[in-house]
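Fold and contact review
Next come the chains, spelled out residue by residue.
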Amino acid sequence: MMRRFLLGLALAVGLPLAAHAVAAVPPLTLTPDRPAAPAAGSPDARLERGRYLAIAADCMACHTAAGGKPYAGGYAIDSPLGTIYATNITPSKKGGIGHYTESDFARALREGVRADGSHLYPAMPYTSYAQLTDADVGDLYYYFMQAVKPVDEPARQTALPFPFNMRLSMLGWNTLFLDNKRFVPDPGKSAQINRGAYLAEGLAHCSACHTPRNMLMAEVGSQTLAGASLGSWHAPNITSDKVSGIGAWTDAEIATYLKTGHVEGKGQAAGGMAEAIQNSLQFLRDDDVAAIVAWLRTVPAVRAPGQTKAAFSHGSAASEEPLLRGMASSTEHHSLNSGAVLFSGYCASCHSASGAGSTGQAYPALFNNTATGGSTPANLVSAILFGVERKIEGEEHEAFMPRFDQRSYVQPLTDEQIAAIANYVLKQYGNPDVSATPAYVAQARSGGEKPVLARMQPFMLPGGIVGILLLIALLVWLRRRRQRNA
């Protein structure tokens, strides 16, 4: 949901206008399954604005299941509290939101409350969408009602364990953590920076993934965009810090990353970020991407404690391949017994024996790579477990790495084998101060470390029962005491 991540509206005289100004820019045909976009200035220009906003907000990524119909829901979001299934947001009156008024739509989008009054979970980033202008919400509503094909089948229902299944509890959570205010441009910042802020903080909901959360799963404001765990993956620090964040990246590098998911000598997008780029960011206009970059430059720097070297600056080309030749006979069993041998057998054919990657970097180098040089092995381990898939329109080849978990069609690897490969890569090409244990890999395989709230869940029901019994006992005692004193 991540999913899940970064990013409409045009600016003039330093203030945001209604998204109607977008009509001056030639519309784009963004995906093959979409009808041709109407010409700018046509009666359907509003539809194209809504389409662009839906792409910038990355609605497709969460509301379309693999192989499913667009926006029909059913996509499984593996949250720390359980699996949340995205709803059907097609204009069907049977299975979707066809009965929603524009007011209903706005309330769901910005307050997390459905037309029937029940509450959405913040896996739907309404805490970010709360910033959207009335004009943009209206254009989104128009697009979904007029251009999206209705699908009458309702999506699978979410059924979280107690007490998370009590949606009414979100009323209290929203009271504590939902800032239901529209975006207000900063008069001290340029029109471009304000535009980038609106895109990144509102539509693209960057902070939903890149900001750490507290015990109640709300974003920690003092650590905005400082990096956060996303199940087995890690959304990196994207503040302006030159060591822990992206302050040392050039504007062109950041823009290229947002459009393609790849910058040689820096990093590659995988997991939820690859989805955001594939479904949303690559289709944004260049001026919008530049606005996001300009805004990112203004995000206060957050330095990770003890970090003195940027993640992309670790490692260099090195090969142990000559040392491995002749070590095992052709008939020897269990010869894949070290990280170096496993790397040679499963990784070197694509990433090269020296870790330098392929010519053109379709298979990236393992040094000068944020996945191997970071302060956590999360993204390296997750890439090995779950693979990498990222498709950019106009590029001849899709970025692809097979997965090696139990669902692998290449070769499932054990926790011990993946830990051995990861540790070899970290020592040889990445941050040698980081390591992974088989237990860490097993945890990543099962979805990553669970937050405190999720770990407390098994004790909440019995704890609640005990609490009720104690309350009853207290009331009985007080009543008897009053009777004795009467």
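Values in this document were obtained by computation on a predicted structure and should not be read as measured data.

So, about the overall build of the chain. When helices and strands are counted, the chain shows 19 helices and 10 strands. Buried positions account for 48% of the 486 residues belonging to the chain. Surface summary for the chain: the accessible area is close to 23700 Å², and the carbon and sulfur share equals 58%.

For the structure shown, the criterion picks out 11 aromatic pairs. With centroids separated by 6.2 Å and ring planes inclined at 45 degrees, the aromatic side chains of F105 and F144 adopt a geometry described as tilted. Here F105, found in helix 3 (residues 102–111), pairs with F144, found in helix 5 (residues 134–146); they are 39 residues apart in sequence, far enough to count as distant. Given a relative accessible area of 2%, F144 falls into the buried group. Ring geometry for F183 versus Y198: centroids 5.4 Å apart, planes at 70 degrees, classification edge-to-face. You can see F183 sitting in the loop between helix 6 (169–177) and helix 7 (191–203) and its partner Y198 sitting in helix 7, a full 15 residues away along the chain.

Looking at the element boundaries, R114 is found in the loop between helix 3 and helix 4 (126–129). Taking the C-alpha atoms as reference, R114 lies 7.0 Å from D104; in sequence the two are 10 residues apart. When residues no more than four places from it in sequence are discounted, the contact partners of R114 are Y100, L120 and R167.

Here the focus is the pattern of salt bridges. Scanning the model with the defined rule gives 17 salt bridges in all. A salt bridge links R49 to D139, with the nearest nitrogen and oxygen atoms 3.2 Å apart. With R49 in helix 1 (residues 45–56) and D139 in helix 5, this pair connects stretches of sequence that are 90 residues apart. D139 gets classed as buried once you look at its relative accessible area, which sits at 0%. The salt bridge partner of R297 is D251, with a shortest N-O separation of 2.7 Å. On the criterion of sequence distance, the pair formed by R297 in the loop between helix 11 (286–296) and helix 12 (321–324) and D251 in helix 9 (residues 251–260) is long-range, its members being 46 residues apart. Overlapping salt bridges, with partners in common, bring together R195, R285, D287 and D288 in one network.

Counting 74 residues, the largest nonpolar core has F144 and L296 as the members making the most contacts within it. Every residue in contact with L296, bar those within four places of it in the chain, is listed here: L225, I238, S240, I246 and I254. Formed by 28 residues, the second largest nonpolar core is a distinct cluster that contains V381, L426, A436 and A444.

Even without a glycine there, the phi angle at Y71 is positive, about 65 degrees. Positionally, Y71 belongs in the loop between helix 2 (59–63) and strand 3 (76–79). Taking relative accessible area as the criterion, Y71 reaches 4% and is therefore assigned buried. Even without a glycine there, the phi angle at S352 is positive, about 70 degrees. Locating S352 in the fold gives a position in the loop between helix 14 (348–351) and helix 15 (370–373).

Moving on: helix 17 (residues 415–429). Relative to the 21 Å expected for 15 residues at 1.5 Å per residue, helix 17 spans 21 Å between its end C-alpha atoms, a close match to the ideal helical length. Of the residues making up helix 17, those classed as buried are D415, Q417, I418, A419, I421, A422, Y424, V425, L426, Q428 and Y429. At its buried positions, helix 17 is contacted by helix 13 (339–346), helix 15, helix 16 (378–386) and helix 18 (438–445).

Turning our attention to a nonpolar patch on the surface. Together, L176, M215, L216, V452 and M456 make up a nonpolar patch on the protein surface, roughly 460 Å² of accessible area in all. With respect to the element layout, L176 can be found in helix 6. Overall, the relative accessible area of 60% leaves L176 in the exposed class.

This next bit is on the environment of D116. One can find D116 in the loop between helix 3 and helix 4. A polar atom in the side chain of D116 sits 2.7 Å from the side chain of S118.

What follows covers the pairing of strand 3. Across the two faces of strand 3 the burial differs, with I77 and S79 buried and A76 and D78 not buried at all. Of the pairings in the sheet, the one linking strand 3 to strand 4 (residues 82–85) comprises four bridges and is antiparallel in character. Residue pairing in the sheet places A76 in a bridge with Y85 of strand 4. What sits between strand 3 and strand 4 in their antiparallel hairpin is a turn of two residues.

Axes are the key here: two packed helices are described by the angle between their axes and the distance separating the axes. Two numbers describe how helix 7 lies on helix 11: the axes approach to 7 Å, and their chain directions differ by 95 degrees. For the element pair helix 7 / helix 11, the angle class is roughly perpendicular. Counted together, Q192, I193, R195, G196, A197, L199, A200 and E201 of helix 7 and D288, A290, A291, I292, A294 and W295 of helix 11 form the full contact between these two elements. In terms of residue class, the contact of helix 7 with helix 11 is built from nine nonpolar, two polar and three charged.

Turning to helix 1, a few remarks are in order. Helix length check: helix 1, at 12 residues, gives a terminal C-alpha distance of 17 Å against a target of 16 Å (1.5 Å per residue), a fit within 8%. Turning to helix 1, its buried residues are A45, L47, E48, R49, G50, R51, Y52, L53, A54, I55 and A56. On its buried face, helix 1 sits against helix 2, helix 5, helix 7, helix 10 (271–279) and helix 11. Backbone geometry just downstream of helix 1 places D58 in the positive-phi region, at approximately 60 degrees.

So, about the confidence of the model for the chain. Caution applies to low-pLDDT parts of the model: their predicted coordinates are not meant to be read in detail. Mean pLDDT over the chain stands at 86; residues scoring 70 or higher make up 87%. Residue range residues 1–40 is modelled with pLDDT below 50. Its contacts to residues more than four positions away, or to other chains, number 119 contacts.

Cut-offs and rules
Position labels on residues start from 1 in each chain and follow its written sequence. With the structure being a predicted model, the display of local features is reserved for residues of pLDDT at least 70 and the display and counting of side-chain atom pairs for 80 or more, all residues being used for whole-chain, interface and lining totals. Side-chain measures were taken over the full set of non-hydrogen atoms in the model, leaving aside hydrogen atoms and water. Numbering of helices and strands runs from the N terminus, with a helix taken as a DSSP run of H or I at least four residues long and a strand as a DSSP run of E at least two residues long. In this scheme, a residue with accessible area under 20% of its type's maximum is buried, one over 50% is exposed, and one in between is partly exposed, where area comes from a 1.4 Å probe on protein chains only. Each accessible area is a Shrake-Rupley estimate made with a 1.4 Å probe; only the visible protein chains count as cover when residues are assessed. Pairing of aromatic rings covers Phe, Tyr and the six-membered ring of Trp, with a centre-to-centre limit of 6.5 Å; geometry is then stacked below 30 degrees between planes, edge-to-face above 60, and tilted otherwise. Should any heavy atoms of two residues lie within 4.5 Å, those residues are counted as being in contact. Salt bridges are identified by distance alone: a Lys or Arg side-chain nitrogen within 4 Å of an Asp or Glu carboxyl oxygen. Working definition of a nonpolar core: buried Ala, Val, Leu, Ile, Met, Phe, Trp, Tyr and Cys residues. They are joined through side-chain atoms within 4.5 Å. The span you would expect from a helix comes to 1.5 Å times its residue count less one. Each patch groups residues whose relative accessible area exceeds 30% and which form no salt bridge, using 9 Å between like charges and 5 Å between nonpolar side chains of Val, Leu, Ile, Met, Phe, Trp and Tyr. For this analysis, a polar contact is any N or O atom pair within 3.5 Å, provided that within protein one partner can donate a hydrogen and the other can accept it, and provided that sequence-adjacent residues contribute only side-chain to side-chain pairs. If DSSP finds at least two bridges between two strands, the strands pair. A fitted line through C-alpha atoms represents every axis, and for helices the fit uses only the stretch in contact; the resulting angles, taken between N-to-C directions, go from 0 to 180 degrees. Relative orientations are named as follows: roughly parallel for angles under 35 degrees, roughly antiparallel for angles over 145 degrees, roughly perpendicular for angles from 65 to 115 degrees, and oblique for any other angle. Each residue gets one label: Ala, Val, Leu, Ile, Met, Phe, Trp, Tyr, Cys and Pro are nonpolar, Asp, Glu, Lys and Arg are charged, and the others, such as Gly, are polar. What pLDDT expresses is the predictor's confidence in each residue, scored from 0 to 100.

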